[in-house]
There are 2 protein chains.
Amino acid sequence: MWELAKELKAMVIFGEHRYYGQSLPYGKESFKDPTKLQYLTSEQALADFAVFIDYLRSHWYPGQKVPVIAFGGSYGGMLSAWFRMKYPHSVQGALAASAPIWQFTDLVDCGAFLKTVTNTFKHHNPTCADNIRNSWMTINKVATTETGRKTISDTFRLCKPLQSIEDVGTFKAWLQETWVDLAMVDYPYPSNFLEPLPAWPVKGVCSYLSKPLTPDVTLLSSVYEAVNMYYNYTGQASCLDINQEATQDLGTMGWDYQACTEMVMPICSNGKDDMFEPVKWNFDDYSKQCQKQWSVTPRPMWPIIQYGGKNITTASNIIFSNGLLDPWSSGGVTESLSASLSAIIIPDGAHHLDLRSTNKNDPKDVTQAREKEKEIITQWIKDFYN
Amino acid sequence: MWELAKELKAMVIFGEHRYYGQSLPYGKESFKDPTKLQYLTSEQALADFAVFIDYLRSHWYPGQKVPVIAFGGSYGGMLSAWFRMKYPHSVQGALAASAPIWQFTDLVDCGAFLKTVTNTFKHHNPTCADNIRNSWMTINKVATTETGRKTISDTFRLCKPLQSIEDVGTFKAWLQETWVDLAMVDYPYPSNFLEPLPAWPVKGVCSYLSKPLTPDVTLLSSVYEAVNMYYNYTGQASCLDINQEATQDLGTMGWDYQACTEMVMPICSNGKDDMFEPVKWNFDDYSKQCQKQWSVTPRPMWPIIQYGGKNITTASNIIFSNGLLDPWSSGGVTESLSASLSAIIIPDGAHHLDLRSTNKNDPKDVTQAREKEKEIITQWIKDFYN
């Protein structure tokens, strides 16, 4: 964006989403109860942007014709696409990068997400994915006894040892999250999106898992080495904390609540097409968890009713870009839906790589994607002035 | 609708707007305070319709491809147009009859509304409009004294005599409302939309005001005769009640609140282009009144930010029909905006005449309008199936 803005002589404005960062409507009390949280919805966020853009246009450029383009990645990309759908008078177009607008109930196979994670690992090293697939069984076997749980805790240098079978569940969820995050940030150069990492981090962690390993403690040691590279690339962590997800700085509180109200994204695995433990999508369990955590009942069909699901061809001027290394591409729009709803595929791209600054290690496909995006956006602006 | 539905083998479903009729979210307490009223917004109403249509489609016609067309008149017509703009995946098109979607701040001249009322009166009898214009001055002159106020109260057989200058204000507002309503319901046959009335009621009331009258008590007697025809066509009213607006059955509570939050429709008069007392549009006074009545501050620009004002050409499949006798046509879309945003004009039509049943006294232009509407709607349905 910064580079394109310079070229197009544009202003870049970042509007912070309500209930994230500093934008807390009730200060520290904002997450206290459902009454305070009721204004945290994607619709309200979109309305904020509409008011914000109207304010900027009318106060900074009164009486002038000013084109505005929405940009966003991930959930921000979803908002960007939805904003153009719902407020087409406010923005002339939207770039929705890695925006999984179809990762909702019955729109895509719930298994596609973890299958894509697996493919990203396979892409770098097929044996790596096999080792990870075998690791779950090994963990389950070892973790049945207290001694075994201590072995795992020691092997992974866990900050807090696994005390119970429940802890083992948390441990496995943390491991799965780690693999998912690694696929998301599999960038071609050193980066620091979720954690400081070397170039192609999936390749990096897979270097510890590149040979077929016997499904025993040896395998777990190698898994530790891999995971440790992700959480401790700078060598400063004295232990690994399975309760602290790497992403917490990006506002997990707000997202957790949204995932429990509107943003229900079914994910499942079968252990065959993917390298994870077979887990069916269970809405009832999910819903119970939401009740417990936030005292709310999720409305899984709501985003489809609100944003149209797969019936969005009446919309216009939206670019959907997706990197195929990125798990979220499974819920994205990967084929153009009309002349003005363009899909751009970046085969060697992870999560919204196209939104990052240009880099000498950029794969050719992301450079081409950015060129295409510029071309389309420039046309939108021309159309607006004409 | 009923006739067209039969022809097209369609189902007609009326979805009641929240906070109107029986649809009171907090029962009798619904209008108690701003906390209870906060869910009364047009956006929430639109979302209700989206949920409702989704429910009907998925429960009554599971797995089937079912086209839906939105119909509405007046505020319902605005909702109908906005619904197609915001939820184009939910309905294949919308007929927005007499929908003043541009009757908002700075979109149209605030004087156009009462000018249109005046034109409808002039259309039947130019002298009638002149007499009404003269009546205000006469009322003001007579009403300065207690005796004068008694004269007016007696002349108009008011249920409650005018006690104060403030009461005179209420009286004049009621008179103005009466002329406005008459223009709205100036149908070519006997009808009972707001009050039971003969054919062409404006012509009817103007028969009492068709000759130039001296601006004194004689004029007021004639104004009374005219007004009495509107409120007492059946001869059952023993007195006229200026505090009871004829429209209250249509849910004035809900609309009053909406007019004090989102639906701020500026109206003004200059006494030259129209037959009313010159009154400037004063948002501050309006806002104070809203504060007093509902403890809310109106947001006049909101409908423009939310629904795009005049920048709505990205929308599609909406018919805007307007009768030129109808005051609300002043805030309507009276010129086609694109191939799929069609304006239909009904010169001899009052408020959403096209939505009423066919009648042997229908002017030719409304018959043609209905034919055109049928043709367009039929095409939308064809396009949907293809």
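Residues numbered from 1 in each chain as written. Chains lettered and ligands numbered in written order. Predicted model: local features only at pLDDT ≥ 70, side-chain atom pairs only at ≥ 80, totals over all residues. Heavy atoms only, no water.

- In the nomenclature of an unreviewed UniProt entry, chain A is known as Lysosomal Pro-X carboxypeptidase of Mytilus galloprovincialis.
- Listed in UniProt under the heading Subunit (unreviewed entry), the comment for chain A reads: "Homodimer."
- Per UniProt, chain A has the following entry under Function (unreviewed entry): "Cleaves C-terminal amino acids linked to proline in peptides such as angiotensin II, III and des-Arg9-bradykinin. This cleavage occurs at acidic pH, but enzymatic activity is retained with some substrates at neutral pH." (UniProt positions renumbered as here; feature names shortened; annotations may be inferred.)

Some points on the interface of chain A and chain B
- The partner chain B presents 20 residues to the 20 residues of chain A that form the contact.
- Buried area between chain A and chain B, both sides added, is near 1,500 Å², and the carbon and sulfur share of it is 55%.
- Of all residues in chain A, H89, I305 and T314 of chain A bury the most surface against chain B, accounting for 37% of the area lost on that side.
- Here chain A is connected to chain B by zero salt bridges.
- Run the count over chain A and chain B and you get nine residue pairs in polar contact (both at pLDDT 80 or more). (Contact = heavy atoms within 4.5 Å. Buried area = accessible area lost by both parts, 1.4 Å probe. Salt bridge = Lys/Arg side-chain N within 4 Å of Asp/Glu carboxyl O. Polar contact = N/O pair within 3.5 Å; in protein donor to acceptor, adjacent residues only side chain to side chain.)

Observations regarding the confidence of the model for chain A
- For chain A, per-residue confidence averages 95 on the pLDDT scale, and 98% of positions sit at 70 or higher.
- On the interface metric, ipTM, the complex scores 0.91, and its pTM is 0.94. (pLDDT = per-residue confidence, 0-100.)

What to know about the domain arrangement of chain A
Residue and element names in this part refer to chain A.
- If you check the domain split of chain A, you get domain 1 (2-105 + 301-385) and domain 2 (112-294).
- Between domain 1 and domain 2, the C-alpha centre-to-centre distance is 29 Å.
- Of the roughly 2,900 Å² buried where domain 1 meets domain 2, counting both sides, 66% is carbon and sulfur surface.
- Applying the counting rule to domain 1 against domain 2 returns eleven residue pairs in polar contact (both at pLDDT 80 or more). (Domains from an automatic or database assignment.)

Some points on the nonpolar core
- Counting residues in hydrophobic clusters, the biggest one holds 108 residues, and the most contacted among them are W82, F121 and W179 of chain A.
- Split by domain, this core shows at least three residues from each of two domains, domain 1 (2-105 + 301-385) and domain 2 (112-294) of chain A.
- Residue contacts for W82 of chain A: discarding those within four places in its chain leaves S42, L46, Y75, I101, F104, M263 and Y307 of chain A.
- I152, M265, M275 and I377 of chain B belong to the second-largest nonpolar core, a separate cluster that totals 107 residues. (Core = buried A, V, L, I, M, F, W, Y, C linked by side-chain atoms within 4.5 Å. Buried < 20%, exposed > 50% of the residue type's maximum accessible area, 1.4 Å probe, protein only.)

Focus on the relation of the copies chain A and chain B
- Of the transformation superimposing chain A on chain B, the axial component is 0.0 Å and the angular component is 180°, with the fit at an RMSD of 0.0 Å. In the structure described here, the two chain copies are related by an operation that fits a two-fold rotation axis. Scanning chain A for the C-alpha nearest the rotation axis identifies K86 of chain A, at a separation of 2.8 Å.
- Interface overlap between copies is the fraction of interface residues in one copy that are interface residues in the other; for chain A against chain B it reaches 100%, indicating a shared surface. (Least-squares fit on C-alpha atoms with pLDDT ≥ 70 in both.)

A word on the sheet that holds strand β1 (residues 69-73) of chain A
All names here are of chain A.
- Pairing is parallel across the open sheet formed by four strands, whose spatial order is β1-β2-β3-β4. Either end of the sheet is taken by a strand with one partner, and the two such strands are β1 and β4 (341-346). The average angle at which neighbouring strand axes cross in this sheet is 15°, direction not considered.
- The strands that helix α4 (residues 75-86) touches are β1, β2 (93-97) and β3 (318-323); relative to β2, the one it contacts most, it runs at about 155°.
- In this fold helix α14 (residues 364-385) packs onto β1, β2, β3 and β4, with an angle of close to 165° to the strand it touches most, β4. (Pairing = 2+ DSSP bridges. Helix = DSSP H or I, 4+ residues; strand = E, 2+ residues; numbered from the N terminus. Axes fitted to C-alpha atoms, helices over the stretch in contact; angles between N-to-C directions.)

Comments concerning the packing of helix α8 (residues 165-184) of chain B against helix α10 (residues 217-231) of chain B
Residues and elements named next belong to chain B.
- Viewed as axis vectors pointing N to C, α8 and α10 meet at an angle of 60°, and their least axial separation amounts to 11 Å. The orientation of α8 with respect to α10, classified from their angle, is oblique. For the crossing formed where α8 meets α10, the hand is left-handed. Mapping the contact onto sequence places W174, L175, T178, W179, D181 and L182 in α8 and V223, A226, V227, Y230 and Y231 in α10.
- For the contact of α8 with α10, the per-class residue count stands at nine nonpolar, one polar and one charged. (Parallel < 35°, antiparallel > 145°, perpendicular 65-115°, else oblique. Left-handed = near helix turned anticlockwise from the far one by under 90°. Nonpolar A, V, L, I, M, F, W, Y, C, P; charged D, E, K, R; others polar.)

Here we look at a nonpolar patch on the surface
Residue and element names in this part refer to chain A.
- Together, M11, I13, F52, Y55 and W60 make up an exposed nonpolar region whose accessible area comes to about 500 Å².
- With respect to the secondary-structure elements, F52 resides in helix α3 (residues 42-60).
- Under the relative-accessibility criterion, F52 is labelled partly exposed at 32%. (Patch = residues over 30% accessible without salt bridge, like charges linked within 9 Å, V, L, I, M, F, W, Y side chains within 5 Å. Areas by Shrake-Rupley, 256 points an atom, 1.4 Å probe, with all protein chains shown as cover.)

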